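Here are the chains, one letter per residue:
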Amino acid sequence: MQVELKVLDARMKDCLPAYGTPGSAGIDLRAALEQPLTLQPGQAELVPTGLSMHLADPNYCATILPRSGLGHKKGLVLGNLVGLIDSDYQGPLMVSAWNRSSVPVVIEPMERIAQMVILPVAHATFKLVDEFAPSQRGEGGFGSTGTR
Ligand SMILES: O=c1ccn([C@H]2C[C@H](O)[C@@H](COP(=O)(O)OP(=O)(O)OP(=O)(O)O)O2)c(=O)[nH]1
Ligand SMILES: [Mg+2]
């Protein structure tokens, strides 16, 4: 699919979003910062990506996810846990960077801090009923199947 993209920070022209390998699901997003940003333990800040994007097709959305290495090793994850980009959103793409670790984390300008995955979306309509057709699970949930 082709998606319209605007470069809001001229530095991004030299590193337009792209899949790292043919099999990559995510596109890394960079921090369009003027100077390094230090996040204290527990601190979250909105970091601009220097880009805006218009998916336009309501059958798709984009999600912003942590990068595994940063999330696991440094504790740099997302303040909203997962970012959801609506197909009609045209504003600046932002990353809520959250330092969930117990030591300060420094984000360098243009560092790849998160990744974006574009996903299909189903739009439901809801039909009110009094009873559901029986299913194997029924109302069991929240650990009802045990751990082994
Ligand atoms: O990590 C994120 C999450 C959201 N957005 C933008 C795109 C998205 O389409 C819009 C609204 O996001 P969402 O619906 O999750 O936030 P909300 O708090 O419900 O705001 P709104 O009332 O604007 O829908 O904000 C980002 O740039 N980065
Ligand atoms: Mg919303």
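What you see is a predicted model; the values in this text were computed from it and never measured. (Residues numbered from 1 in each chain as written. Chains lettered and ligands numbered in written order. Predicted model: local features only at pLDDT ≥ 70, side-chain atom pairs only at ≥ 80, totals over all residues. Heavy atoms only, no water.)

**Digging into the overall build of the chain**
The helix and strand inventory of the chain stands at one helix and 10 strands. For 148 residues, the compact-globule estimate of 2.2 N^0.38 gives 15 Å, and the C-alpha radius of gyration of the chain, at 19 Å, exceeds that figure by more than 25%. Its C-alpha atoms give the chain principal-axis dimensions of about 60 × 40 × 30 Å. Looking at the chain as a whole, 31% of its 148 residues qualify as buried. Considering only intrachain contacts with a sequence separation of at least 6, the fraction spanning at least 24 residues in the chain is 72%. Total accessible area on the chain stands at roughly 10100 Å², and carbon and sulfur atoms take up 54% of it. Here the chain carries 12 positive and 14 negative side-chain charges, and the mean point of each set is 10 Å from the other. (Helix = DSSP H or I, 4+ residues; strand = E, 2+ residues; numbered from the N terminus. Rg over C-alpha atoms; globule rule 2.2 N^0.38 Å. Buried < 20%, exposed > 50% of the residue type's maximum accessible area, 1.4 Å probe, protein only. Contact = heavy atoms within 4.5 Å. Areas by Shrake-Rupley, 256 points an atom, 1.4 Å probe, with all protein chains shown as cover. Lys, Arg positive; Asp, Glu negative; His and termini not counted. Charge placed at Lys NZ, Arg CZ, Asp CG, Glu CD.)

**Examining the sheet that holds strand E10 (residues 112-120)**
Strand order in the open sheet formed by four strands is E2-E10-E5-E7, and the pairing between neighbours is antiparallel. What marks the edges here is a single partner per strand, and that holds for strand E2 (27-30) and strand E7 (83-85). The mean angle between the axes of side-by-side strands here comes to 30 degrees, regardless of whether they run parallel or antiparallel. Relative to E10, E2 runs antiparallel, the two being bridged by four bridges. What sits directly across from Asp28, in E10, is Gln115. (Pairing = 2+ DSSP bridges. Axes fitted to C-alpha atoms, helices over the stretch in contact; angles between N-to-C directions.)

**Things to note about the UniProt feature "domain: dUTPase-like" (unreviewed entry) in the chain**
With numbering aligned to this structure, UniProt lists the feature "domain: dUTPase-like" (unreviewed entry) at residues 16-146. Here residues 16-146 is 5% helix and 39% strand, with 46 Å between the C-alpha atoms at its ends. (UniProt positions renumbered as here; feature names shortened; annotations may be inferred.)

**A closer look at the pattern of salt bridges**
Scanning all chains against the criterion turns up four salt bridges. One salt bridge in this structure joins Arg112 and Asp28, with 2.7 Å as the shortest N-O distance. With Arg112 in strand E10 and Asp28 in strand E2, this residue pair connects regions lying 84 residues apart in the sequence. Note on Arg112: relative accessible area 35%, which makes it partly exposed. A relative accessible area of 22% means that Asp28 is categorised as partly exposed. (Salt bridge = Lys/Arg side-chain N within 4 Å of Asp/Glu carboxyl O.)

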